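Listed below are the residues making up each chain.
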Amino acid sequence: MPFIIINIHAIYPIQVIVESVLEKILNHSVNKTNSIKQNAVTQHPKTPHSTEQNETILSSHTPTISRENISKRERILDAAEILFAQHGYDGVTLREIAKTAAVDVALANYHFGKKLDLFHAVFDRRATLLSETRQMLLHRNNDKPQTLEQIIEAFLLPLKMAQKTGDAGWRHYLALLAQVMISPVWNTELMPSVFDKRVSEFISALQEVFPHADETKLHWCYHYMSGALALTLAQTGRIDRISNGKCRSVDFDAAYENMVPFMAAALRGVCDISAEIEK
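**Thoughts on helix H4 (residues 94-101)**
Each α-helix turn comprises 3.6 residues. Residues three or four places apart therefore point the same way.
Now for step 1: Taken across its eight residues, H4 has six buried, putting it largely inside the fold.
Now for step 2: Buried positions along H4 lie against helix H3 (72-87), helix H5 (105-112) and helix H6 (115-138).
Now for step 3: In the segment just after H4, Ala102 is the residue with positive phi, at about 60°.

This is the structure:
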């Protein structure tokens, strides 16, 4: 599969790294052509969906999973991923997941046990790759300090690349990730095992840029960055409405291009006290 060309700012010469990371993400796109036939669900018709999600994730029919070139275990994971992303953990039963995967519910129990265990498996399946690509970008220039923009791009770029694959599985997963990020329950349950382990590395990188900043302010700024990212990944369609169609929640290119300078300006405004020290 050829690399997808990504329009990134020429802030640093990392095309080789970007292509390497993107190749990993593309290879991790789970059965793009054989996974979910996009005829999907309506077992929960009252749940509101964005136009993009309606067209590409769920419609008016129960989804089926292709039986060709895909293991039953992967079919269960794919089905759970789309249903959890669409309806949340509490809005889906193990039986519905098994039906979507075209397997017996006993097989879902055999592979994963309880629904909670399956939820963990779905979340962890892509989490490690995203976390590792962030680390790879964050430490790409060991011989010299990172700029603020480079640090922010290390935080955002892997998720942009996942979106750019065009793989429905990644879109479902990122929507699920957004849910987990803003949930007091699931954030505590799922984020510490993978994503939270990298936070200290980002804080340390920010401390090199802002050596005089109060560490609490750095943590608050990281918190704000995560919040902006979660809202963007959720693709709720709200910005489409309030902008009268001028902006689209599915346009992650535009979101990314604006988030980097927005977050950099915010961090400098809160954490850069060098000017005050000089006075």
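**Notes on the pattern of salt bridges**
Now for step 1: Evaluation of the coordinates by the stated rule reveals nine salt bridges.
Now for step 2: Asp78 is paired through a salt bridge with Arg125; the nearest N and O atoms lie 3.1 Å apart. Linking Asp78 in helix H3 with Arg125 in helix H6, this pair joins segments that are 47 residues apart in sequence. For the pair shown, Asp78 and Arg125 are each scored as buried.
Now for step 3: Here Arg198 makes a salt bridge to Glu201, at a shortest N to O gap of 3.2 Å.
Now for step 4: Of the residues examined, Arg198 reaches a relative accessible area of 19% and is grouped as buried.
Now for step 5: Within this structure, Glu74, Asp78, Glu81, Arg125, Arg126 and Asp167 form a network of salt bridges that share partners.

**Some remarks on the environment of Cys221**
Now for step 1: Position of Cys221 relative to the elements: it lies in helix H11 (residues 215-234).
Now for step 2: With a relative accessible area of 5%, Cys221 lands in the buried category.
Now for step 3: C-alpha of Cys221 to C-alpha of Ala266: the two residues are 45 residues apart in sequence and 7.8 Å apart in space.
Now for step 4: Beyond its immediate sequence surroundings of up to four residues, Cys221 is in contact with Leu267, Val270 and Cys271.

Reading the values: rules and limits
Residues numbered from 1 in each chain as written. Predicted model: local features only at pLDDT ≥ 70, side-chain atom pairs only at ≥ 80, totals over all residues. Heavy atoms only, no water. Buried < 20%, exposed > 50% of the residue type's maximum accessible area, 1.4 Å probe, protein only. Helix = DSSP H or I, 4+ residues; strand = E, 2+ residues; numbered from the N terminus. Contact = heavy atoms within 4.5 Å. Salt bridge = Lys/Arg side-chain N within 4 Å of Asp/Glu carboxyl O.

Keep in mind that these numbers describe shape and distance, not what the molecule does.
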